[in-house]
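Commentary on secondary and tertiary structure
Here is what each chain is made of, one letter per residue.
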Amino acid sequence: MIANIIVLSGFSVFIYMTAKKGLSDNLNTMLKIISMDVIPDFKEKKELHAKEVADELYDEFGIAPLYIKIVHYNKKTNKIDKESVSSLKHAELFDIPLNEMGHLRSIYYFDKESYRVSSMLLFDEDDTKIFFQLAMEKSTNSPYLKGLLISLAIANPVILIIFLFIANTLINRTLQPVKDVIRSVNSISANNLCKRIDAKKIPTEINELVETFNRLLDNLEESFKRISSFSSDASHELKTPLTVIRGEVEVCLRQERSPQEYKNVLEDVLVETIRVQETIDQLFLLTKKDTAELSKNFTELYLDELIPDIVSQINRFASRRSVHVNIKNIIPSTIYANETLLRIAIENILRNSVIYSAHGAEVEIGMSDSDNKYLLIIEDHGCGIAKEDLPFVFDRFYRADKARSRKASESGTGLGLAIVKMILDIHHYDIEIQSTFGIGTKVLIKIPKIDEQKLIINS
Ligand code: ATP
Ligand code: MG
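Here the structure is a predicted model, which is why all the values come from computation and not from measurement.

1. A word on the overall build of the protein chain
Within the protein chain one finds 12 helices and 12 strands. For 459 residues, the compact-globule estimate of 2.2 N^0.38 gives 23 Å, and the C-alpha radius of gyration of the protein chain, at 55 Å, exceeds that figure by more than 25%. Projected onto its principal axes, the C-alpha coordinates of the protein chain cover approximately 155 × 55 × 40 Å. With 459 residues in all, the protein chain has 41% of them scored as buried. Contacts spanning at least 24 positions in sequence make up 64% of the contacts within the protein chain whose residues lie at least 6 apart.

Quick look at the structure:
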């Protein structure tokens with residue numbers, strides 16, 4: 001707006017000054033033409049009075065006011081012999097030097113107040129020089145210039161308003177897609193991060209901006225999913241160890257204990273706490289799907305030693321439900337795995353067997369060996385899984401027959417087997433669930449032997 005006002009004002013001043021200069025040049029020409037025009041009259045009649053000439057010129061040119069002085073200059077005496085003025089009122093206009101040194105028909109111009117006066121040497125005869133002096137009002141007061149000034153004063157604001165209107169319309173039209181994008185972005189929140197800005201209706205100039213926004217939303221959605229899956233996975237996995245710690249401490253505090261008993265409890269609590277810490281670290285990596293970082297934690301493990309450890313841990317939890325996990329047929333087996341994660345997976349499967357079994361039931365965990373694989377088998381005689389639910393049990397938050405599940409475990413979230421699947425996928429272990437509704441469930445994990453496993457992991 002300011003730039004516009006400056007440009008327009010500058011342009012107007014330029015037009016006005018150019019017109020003024022044009023008129024000024026024009027005035028000089030007029031003075032010269034009029035002065036020349038009287039030469040024939042002088043030739044005809046040497047004794048012309050200024051008033052007479054002024055009237056004649058006014059009739060001829062219609063320009064007023066015109067003031068004239070005619071000077072007869074004596075070359076010998078260097079004095080003015082006689083002079084006549086068209087109007088005494090303006091005699092002071094002709095208080096100008098005579099151009100007696102100039103050549104014939106030379107003309108000089110002088111500015112006097114609002115008049116421009118010219119002095120032309122009309123005739124140079126034996127002993128006399130005749131000067132013709134003419135005064136015309138300067139063009140600054142010309143009606144043309146005044147009209148131009150008024151036109152510019154009116155035109156300027158009108159042009160400005162029209163310009164602003166057009167500019168406003170154009171800017172609004174240009175910015176509309178940007179406003180649409182802003183509206184779309186504003187409508188996206190944590191609850192609908194899957195929404196994207198529709199690039200179809202957006203002009204190509206800002207398509208790149210929209211694509212960048214959509215990419216940013218992709219990244220945000222991905223990060224958001226990771227954070228929320230980490231928090232749900234972590235809280236899922238912390239429930240059991242925290243329940244165990246709490247139970248141990250509560251039982252211990254029920255009566256006075258010997259220092260050795262306190263020491264045992266504290267050691268158990270320490271082991272559980274370290275495990276909680278490791279669980280959080282590994283789940284964090286698992287959520288980031290940082291397989292490179294996860295596989296750094298792959299080590300050679302003795303599965304035949306790991307299983308009894310997990311079973312004794314789970315039995316502390318199972319005993320509250322009067323369920324017992326038995327180990328049968330464990331064979332010496334060295335595998336290549338991330339211990340913390342594998343422990344989480346096996347614990348989850350065992351916990352399900354315990355939860356979905358009736359009080360007093362037995363759960364078995366055992367192994368078998370085939371050519372290049374170990375088979376880890378966890379079998380229970382609980383409620384079993386209906387055929388129609390079986391394909392979905394690995395889905396996050398899927399719980400088969402909600403009423404029954406809730407009765408069996410109030411705190412179930414449907415995350416356990418999804419976490420198991422994620423962990424086994426990272427290990428490239430296969431899992432299979434065989435279940436008969438009302439009879440029981442058998443979970444089989446196929447674990448490659450160490451050499452083959454290392455090959456798979458490193459490829
Ligand atoms: P949580 O997140 O606490 O583990 P959850 O046990 O319901 O909850 P998952 O472990 O993923 O979730 O199991 C999914 C569903 O599969 C369970 O709701 C249950 O219906 C069924 N299920 C899993 N294991 C067994 C089992 N051994 N016996 C019977 N049903 C099972
Ligand atoms: Mg479960």
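2. As for the sheet that holds strand S10 (residues 373–380)
Pairing in this open sheet of 5 strands is mixed, and the strands run S7-S9-S10-S12-S11 from one edge to the other. Looking at which strands have only one partner, the edges of the open sheet turn out to be strand S7 (324–328) and strand S11 (430–436). The sheet shows a mean angle of 15° between the axes of neighbouring strands, direction not considered. Running over the sheet, helix H9 (residues 339–355) touches S7, strand S9 (362–369), S10, S11 and strand S12 (440–448) and is turned about 25° from S10.

3. Looking at a nonpolar patch on the surface
Nonpolar side chains collect at one region of the surface, where Ile150, Ile154, Val158, Ile162, Phe165, Ile166 and Leu170 lie side by side and expose about 710 Å² of accessible area between them. Take Ile150: it is sitting in helix H4 (residues 143–186). For Ile150, a relative accessible area of 53% corresponds to the exposed category.

4. Overview of the site of ligand 1
Close to ligand 1 lie 20 residues, the nearest being His236, Tyr356, Arg399, Thr413 and Leu417. One of the backbone N or O atoms of Gly414 is found 2.9 Å from an oxygen atom in ligand 1. Separating an oxygen atom of ligand 1 from a backbone N or O atom of Gly416 is a distance of 3.2 Å. Elements with a contribution of two residues or more to the shell around ligand 1: H9 and helix H11 (416–427).

5. With respect to the side chain of Glu248
Position of Glu248 among the secondary structure elements: in helix H5 (residues 207–253). Look past the residues within four positions of Glu248 in its chain and what remains in contact with it is Val265, Asp268 and Arg316.

6. Observations regarding the pairing of S12
The element S12 is extensively covered by neighbouring structure, given that 7 of its 9 residues are classed as buried. Summarising the sheet, S10 and S12 pair through 8 bridges and their orientation is antiparallel. Bridged to Lys373 within S12 is Pro448. Looking at chain direction, S11 and S12 are connected through 7 bridges and run antiparallel.

7. Regarding the nonpolar core
Of all hydrophobic cores here, the largest spans 55 residues; its most connected members are Ile335, Leu342, Leu350 and Ile365. A per-element tally of this core places H9 first, with 9 residues. Counting only domains with at least three residues in this core, you end up with domain 2 (204–287) and domain 3 (295–458). Apart from residues lying up to four places away in sequence, Leu342 is in contact with Leu301, Leu303, Leu306, Ile335, Ala337, Ile423, Leu424 and Tyr429. Of all hydrophobic cores here, the second largest spans 23 residues; its members include Ile34, Ile68, Ile107 and Met120.

8. What to know about H5
For H5, with 47 residues, the first-to-last C-alpha span of 67 Å sits near the 69 Å given by 1.5 Å per residue. Largest kink in H5: about 30°, centred on Lys239, with the proline Pro241 one to four residues after it.

9. Quick look at the side chain of Asn315
In this structure, Asn315 sits in helix H8 (residues 303–318). Overall, the relative accessible area of 15% leaves Asn315 in the buried class. If we skip the residues at most four places from it in the chain, Asn315 touches Val323, His324 and Val325.

10. What about the domain arrangement of the protein chain?
Many descriptions give the size of an interface as the accessible area lost when the pieces come together. Domain annotation of the protein chain identifies domain 1 (2–143), domain 2 (204–287) and domain 3 (295–458). In this structure, domain 2 and domain 3 have C-alpha centres spaced 20 Å apart. With 20 residues of domain 2 in contact, the opposing surface of domain 3 contributes 23 residues. Buried surface at the junction of domain 2 and domain 3, both sides included, amounts to about 1900 Å², of which 54% is carbon and sulfur. Counting across the interface, domain 2 meets domain 3 through 5 salt bridges. For the salt bridge of Glu248 with Arg316, the shortest nitrogen-to-oxygen distance reads 2.6 Å.

11. A short note on unusual backbone geometry
Although it is not a glycine, Asn78 adopts a positive phi angle of roughly 60°. For Asn78, the position within the fold is in the loop between strand S1 (66–74) and strand S2 (79–85). On the accessibility criterion, Asn78 (51% relative accessible area) is exposed. A positive phi is found at Ser322, a non-glycine position, where the angle reads about 55°. Looking at the element boundaries, Ser322 is found in the loop between H8 and S7. Judged by relative accessible area, which is 43%, Ser322 ranks as partly exposed.

Thresholds applied
- Residues numbered from 1 in each chain as written.
- Chains lettered and ligands numbered in written order.
- Predicted model: local features only at pLDDT ≥ 70, side-chain atom pairs only at ≥ 80, totals over all residues.
- Heavy atoms only, no water.
- Helix = DSSP H or I, 4+ residues; strand = E, 2+ residues; numbered from the N terminus.
- Rg over C-alpha atoms; globule rule 2.2 N^0.38 Å.
- Buried < 20%, exposed > 50% of the residue type's maximum accessible area, 1.4 Å probe, protein only.
- Contact = heavy atoms within 4.5 Å.
- Pairing = 2+ DSSP bridges.
- Axes fitted to C-alpha atoms, helices over the stretch in contact; angles between N-to-C directions.
- Patch = residues over 30% accessible without salt bridge, like charges linked within 9 Å, V, L, I, M, F, W, Y side chains within 5 Å.
- Areas by Shrake-Rupley, 256 points an atom, 1.4 Å probe, with all protein chains shown as cover.
- Salt bridge = Lys/Arg side-chain N within 4 Å of Asp/Glu carboxyl O.
- Near = heavy atom within 4 Å.
- Polar contact = N/O pair within 3.5 Å; in protein donor to acceptor, adjacent residues only side chain to side chain.
- Core = buried A, V, L, I, M, F, W, Y, C linked by side-chain atoms within 4.5 Å.
- Domains from an automatic or database assignment.
- Expected span 1.5 Å × (residues − 1).
- Bend = angle between axes of the 7 residues up to and from the residue.
- Buried area = accessible area lost by both parts, 1.4 Å probe.

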